[in-house]
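Okay, here's what each chain looks like letter by letter:
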Amino acid sequence: MIGAANIAGIPRTFESKVVAMPMQIYVWAGTFATEEFFERVVPAGVVVLLVAMLVMNSVAIALRNKYQKEG
């Protein structure tokens with residue numbers, strides 16, 4: 001995977017270095033490589049990250065529409 005050397009690892013705090021969602025899932029899959037993890041935790045993590053992204057995007061759209069100047 002291109003850029004795999006720049007993986008930040010698992011974020012522990014809000015100030016931790018973060019990476020794009022596909023790279024974060026790649027880190028999770030490589031760090032905890034057990035069968036149960038691949039079958040249960042990775043799909044749940046994908047859903048949680050997608051929901052978080054959609055919520056943040058919805059808030060951004062709502063704020064933009066609220067404060068957008070007319071005309």
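Residues numbered from 1 in each chain as written. Predicted model: local features only at pLDDT ≥ 70, side-chain atom pairs only at ≥ 80, totals over all residues. Heavy atoms only, no water.

Trainee: Looking at this structure, how should I read the overall build of the protein?
Mentor: Check the secondary structure of the protein and you find 2 helices and 0 strands. Here the protein holds 71 residues, and the buried ones make up 14% of them. Look at the contacts in the protein between residues 6 or more apart in sequence, and 14% of them connect residues 24 or more apart. (Helix = DSSP H or I, 4+ residues; strand = E, 2+ residues; numbered from the N terminus. Buried < 20%, exposed > 50% of the residue type's maximum accessible area, 1.4 Å probe, protein only. Contact = heavy atoms within 4.5 Å.)

Trainee: When you look at the nonpolar core in this model, what are you seeing that I'm missing?
Mentor: Nonpolar side chains tend toward joint burial in soluble globular proteins. Counting 5 residues, the largest nonpolar core is built from Ile 25, Trp 28, Ala 29, Phe 37 and Val 42. Contributing elements (two or more residues each) for this core: helix 1 (21-31) and helix 2 (35-67). When residues of this core are assigned to their parent elements, the largest contribution, 3 residues, is made by helix 1. Apart from the residues within four sequence positions on either side, Ile 25 is in contact with Val 42, Val 46 and Leu 49. (Core = buried A, V, L, I, M, F, W, Y, C linked by side-chain atoms within 4.5 Å.)

Trainee: Whenever I open this one, a nonpolar patch on the surface confuses me. Can you help?
Mentor: On the surface, Val 47, Val 51, Val 55, Val 59, Leu 63 and Tyr 67 cluster together into a nonpolar patch covering about 570 Å² of accessible area. Relative to the helices and strands, Val 55 is located in helix 2. Relative accessible area serves as the criterion here: at 48%, Val 55 is assigned to the partly exposed category. (Patch = residues over 30% accessible without salt bridge, like charges linked within 9 Å, V, L, I, M, F, W, Y side chains within 5 Å. Areas by Shrake-Rupley, 256 points an atom, 1.4 Å probe, with all protein chains shown as cover. Salt bridge = Lys/Arg side-chain N within 4 Å of Asp/Glu carboxyl O.)

Trainee: Would you mind showing me how to read helix 2 here?
Mentor: Each α-helix winds once per 3.6 residues, and so residues spaced three or four apart point in a common direction. Here helix 2 contains 33 residues, and its C-alpha end-to-end distance of 48 Å stays within 8% of the 48 Å for a straight helix at 1.5 Å per residue. The axis of helix 2 is deflected most strongly, by about 35 degrees, at Val 41, and proline Pro 43 appears within four residues downstream. By the burial criterion, the buried members of helix 2 are Phe 37, Val 42 and Gly 45. (Expected span 1.5 Å × (residues − 1). Bend = angle between axes of the 7 residues up to and from the residue.)

Trainee: What exactly am I supposed to notice about the environment of Val 41 here?
Mentor: Inspection of the secondary structure assignment puts Val 41 in helix 2. The exposure class assigned to Val 41 is partly exposed, which follows from its relative accessible area of 38%. The spatial distance from the C-alpha of Val 41 to the C-alpha of Trp 28 is 9.0 Å, given a sequence separation of 13 residues.

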